[in-house]
Amino acid sequence: MSSSSLSRRQLLQAVGAVGVASTVSQVLDVTGATAATAAAAAVAPVRADIGVSAYPFDLGQVRLTSGRWLENQNRTLTYLRFIDADRMLHTFRINAGLSSTAQPVGGWEGPGVELRGHSMGHLLSALAQAYAATGDSAFKTKGDYLVGVLAACQRAAPNRGYRAGYLSAFPESFLDRVESGQQVWAPWYTLHKILAGLLDQYRLAGNAEALTVVTNMADWVDWRTGRLSYAQMQAVLNTEFGGMNATMADLYQQTGDARWLVAAQRFDHAVVFDPLAANQDRLNGLHANTQIPKWIGAAREFKATGTTRYRDIATNAWNLTIGAHTYVIGGDSQAEHFRAPGAIAAYLTNDTCENCNTYNMLKLTRELFTLYPDRADLFDYYERALLNQMIGQQNPSDAHGHVTYFTPLNPGARRGVSSNNGGYSTDYNSFWCCQGTGLETQTKLMDSVYFHNGTTLTVNLFAPSVLTWSQRGITVTQVTSFPVGDTATLRVTGSVGGSWSMRIRIPSWTGGATVSVNGAQQSVDTTPGAYATLTRSWTSGDTVTVRLPMRVVMKAANDNPDIAAITYGPVVLAGNYGNTALSAPPALSNGSVTRTGGALTFTATAGGSTVNLIPFYDAHGVNYNVYWNTGGGGVPAGWVRISNVTTGLALDSGGNVAAGSALKQWNWDGSTNLQWQLVDLGNGYHRIVNRTSGMVADSWGNTANGASCLQGPWNGGDNQQWRLNSLGNGRYQIVNRGTGTALDGGGNTTAGSATILWTPNANTNNQYTLGVV
Ligand SMILES: [Zn+2]
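Quick caveat, the model's predicted, so the values are computed rather than measured. (Residues numbered from 1 in each chain as written. Predicted model: local features only at pLDDT ≥ 70, side-chain atom pairs only at ≥ 80, totals over all residues.)

J.: Mind showing me how you'd approach the packing of helix α14 (residues 288-305) against helix α16 (residues 355-371) here?
T.: What describes two packed helices is the angle between their axes and the distance between those same axes. Look at α14 against α16: their axes get within 9 Å of each other, and the N-to-C directions meet at 15 degrees. Relative to α16, the element α14 lies roughly parallel. Like other packed secondary-structure pairs, α14 and α16 cross with a definite hand, here left-handed. Residue-level contacts link A288, N289, I292, P293, W295, I296, A299 and R300 of α14 to C356, N357, N360, M361, K363, L364, E367 and L368 of α16. (Axes fitted to C-alpha atoms, helices over the stretch in contact; angles between N-to-C directions. Helix = DSSP H or I, 4+ residues; strand = E, 2+ residues; numbered from the N terminus. Parallel < 35°, antiparallel > 145°, perpendicular 65-115°, else oblique. Left-handed = near helix turned anticlockwise from the far one by under 90°. Contact = placed C-beta atoms within 7 Å.)

J.: Just to check I follow, could you spell out the sheet that holds strand β1 (residues 55-56) for this structure?
T.: Think of a sheet as strands paired side by side through backbone hydrogen bonds, with each pair either parallel or antiparallel. If you walk across this open sheet you meet the five strands as β1-β3-β4-β8-β11, and the pairing is mixed. Each edge of the sheet is formed by a strand with only one pairing partner; in this case those strands are β1 and β11 (530-537). Taken together, the two bridges between β1 and strand β3 (residues 450-453) define a ladder with antiparallel strand orientation. Residue pairing in the sheet places P56 in a bridge with F451 of β3. (Pairing = 2+ DSSP bridges.)

J.: What exactly am I supposed to notice about the nonpolar core here?
T.: For soluble globular proteins, nonpolar side chains are generally found buried alongside one another. Ranked by size, the top nonpolar core spans 192 residues in total, and within it L198, V214, M248, A314 and Y627 carry the most contacts. Of the residues forming this core, the biggest block, eleven residues, is contributed by helix α8 (residues 187-205). Ignoring sequence-local partners within four residues, the contact set of A314 consists of W295, A298, A299, F302, L364, E367 and L368. (Core = buried A, V, L, I, M, F, W, Y, C linked by C-beta atoms within 7 Å. Buried ≥ 20, exposed ≤ 12 C-beta atoms within 10 Å, placed from the backbone.)

J.: So what exactly am I meant to see when it comes to the domain arrangement of the protein here?
T.: Buried accessible area, meaning the area lost when the parts come together, often serves as the stated size of an interface. The domain architecture assigned to the protein consists of domain 1 (3-441), domain 2 (450-480 + 487-547), domain 3 (552-629) and domain 4 (634-772). Just the C-alpha atoms count here: the centres of domain 1 and domain 2 sit 31 Å apart. Counting from both sides, the interface comprises 22 residues of domain 1 and, opposite them, 21 residues of domain 2. Listed by contribution, the elements that provide at least two residues to the side of domain 1 that touches domain 2 are α1 (3-18), β1, β2 (62-64) and α17 (376-390). Among the elements that line the side of domain 1 that touches domain 2, the one with the most residues is α17, at five residues. Grouping the amino acids of the side of domain 1 that touches domain 2 by side-chain chemistry returns eleven nonpolar, six polar and five charged. (Domains from an automatic or database assignment. Nonpolar A, V, L, I, M, F, W, Y, C, P; charged D, E, K, R; others polar.)

J.: Got a minute to help me understand helix α3 (residues 68-82) in this structure?
T.: Taking 1.5 Å per residue, 15 residues should reach 21 Å; α3 reaches 21 Å between its end C-alpha atoms and fits that length. Taken together, the buried positions of α3 are occupied by R68, W69, N72, Q73, R75, T76, L77, Y79 and L80. Turning to α3, the residues buried within the fold contact β2, α5 (118-134), α6 (137-156) and α18 (433-441). (Expected span 1.5 Å × (residues − 1).)

J.: Explanation requested: the UniProt feature "domain: Non-reducing end beta-L-arabinofuranosidase-like GH127 middle" (unreviewed entry) in the protein in the structure shown.
T.: Taken from the UniProt record, the annotation "domain: Non-reducing end beta-L-arabinofuranosidase-like GH127 middle" (unreviewed entry) applies to residues 456-550. In residues 456-550, helix accounts for 0% and strand for 54%; the two terminal C-alpha atoms are 27 Å from one another. (UniProt positions renumbered as here; feature names shortened; annotations may be inferred.)

J.: Looking at this structure, I do not really get helix α13 (residues 270-277). What am I missing?
T.: Residues separated by three or four positions in an α-helix point in the same direction, a consequence of the helix having 3.6 residues per turn. Along α13, the positions that sit buried rather than exposed are V272, F273 and L276. Axial view of α13: buried residues confined to an arc of 90 degrees, hence all on one face. Opposite the buried face of α13, at more than 90 degrees from it, the exposed residues are A270 and V271. Where α13 is buried, its residues touch α14 and α15 (308-324). Immediately downstream of α13, the backbone of N279 shows phi near 60 degrees, a positive value. (Arc of directions from axis to C-beta.)

J.: For this particular structure, what's the right way to read the pairing of strand β5 (residues 465-469)?
T.: Strand residues, when the strand is regular, have side chains that alternate between the two faces of the sheet. Judged by which residues are buried, β5 turns out to be one-sided: S465, L467 and W469 face inward and are buried, whereas V466 and T468, on the alternate face, are not. Across three bridges, the pairing between β2 and β5 is antiparallel. Residue pairing for β5: R63 is matched across the bridge by V466. As judged from the five bridges shared by β5 and strand β6 (residues 474-480), these two strands associate in the antiparallel manner. For L467, the partnering residue across the bridge sits in β6 and is V476. In this structure, the hairpin formed by β5 and β6 is closed by a connection of four residues, where G473 is found at a positive phi of approximately 70 degrees.

The following block contains the structure:
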């Protein structure tokens, strides 16, 4: 963006303070300016965001120069060049009554799938970003073609009985179904993607026709939602609607037309917003990716209105999610849902961390950073999630950069292997939500490396890149092998003269960070988890060297201090298990993690053997392990009583010494029948030995819920091995290795009742305490 854009921003800030007067002339002015400015420059919004004190650079101002980020971007760019526009437009044309001879695509875009059309939105956004970032006209040409056909579809829509402005690959009757409470997938979610894609085509790729189409569509949104009472609209919001509030607020900021703000606020979902405004965590059980876009919307609505309740909602949602619902790699959700606050070790499955959620959490983080540019924890999170999950979502051996849906975290997990939407995405037969958000993520990797405010530059991320700070005539060249190396250099050239500040994020994971200029260490505060500010008079060619020493740190799960992940600086390390299956977190030997070379390769001892550790983002095509058993479960070494939380009764051998006899539960009376030793087997499991009988608890291989737990002489089999999952509150779930079922009191408080086996669940019937005798 040229320096005149800066004065435009200042001008518009002044206008924004007065109100939204002379909106139309501003829109025309901005549109007219587009044609005259550089092709890859963003179209400035009419209204300035309220409360903001850090500003991103346009995508075209930051160029990735080498390394994994650029490689990821290039694979996705290859796919964007490859993908056939007419095949993607097929269902739009058919829905509008226009002819199409293109071969339909499959997956979630199949002609009979209710979500069809959502990928068009992602494609429009990704093409706009690709063009803005690279200036390559191939992306502009393809985006223009898509917008042109969509405009024709929109013009034809009334011929099919749709209201003017409607643009979709499915009939308008889908909206009737939402409004009447009938089953339908998520039409507003899909329309949100299309609106956002068109807006991106306008503001990032300068396509004026896209503004016309999105404005017509917004007019339809306003009509469709304006007919409904508040209660009717709230009922509509119970079906996933993406970030409708976010994009309508964006359109208001972009154009200044207050109708779009009114429409945005109709999508404020009270049942989700009200508890968050009060900083209450009621996320347990909610579909995660249905919620996160609403929070981005709240941030956008704050910036459009200045109403602090919106800011509270967005900030509280971020704090609660990161604090209580986020795995070490930066993702959240299990089977797409939020679980109880703190539940992490209890949900290490092959369907953790849907990738869309993290795409959206990164957007939310970025929105909050511009409000709170001194909160380094925001970009500590951003770095962790971007590096480990989002860079790692893409298959590096696929030329089209295909991605996964979930990021599994079960012991011995493998990317692309899950119970639902497994595999990597494909050219034309997947089109899940995460494929669409993946296209966006991998075409805007540079968007948060640098921010600015006035003469202050903030360096948030460490990635090889060149910043063209055209507003000031300054170029910043960052060279780094981060995170393999711990050092980044930033060379400033051009019109750098005079005193100005460079703020550099000092991550919370480092210690002893240093900042040097031209080789001389500077006396600046480098406290971890804050920004180091370098204010000086600069000379072209000055080179800042930032060194961020890394070390191995174990990150325990919130719900279990003995289940922990290995991190090195910002990088999560994963055990490379090749094709070996794991059924439980391997027992990691304390202090055994050792770096083996200059690359991020380490070894550790786990389960008695050596395992190679690799960066989690590189863990493709192998079984990997992220969370380890680090404490032997904290299980007492001597004789213990094992008491059921619901019944209060203690596990009892009954004094019976016959192999195959059933275990009971009894009031604690100090008898050796009720005393057990938990013998650590070194593989994350224990055997449970009775003091009277000398035999061990044994599932006998019976996988039925309600089967009695028996006892037998120790034979080393899986049916006699038990994993003690610490629930972090002094309670344990005791899970059999052979059957996967857990000891359970069955809710029977009668002394002498059976101890049974049941699928592990959150009920206290299968929770036990261990009391040293
Ligand atoms: Zn998804």
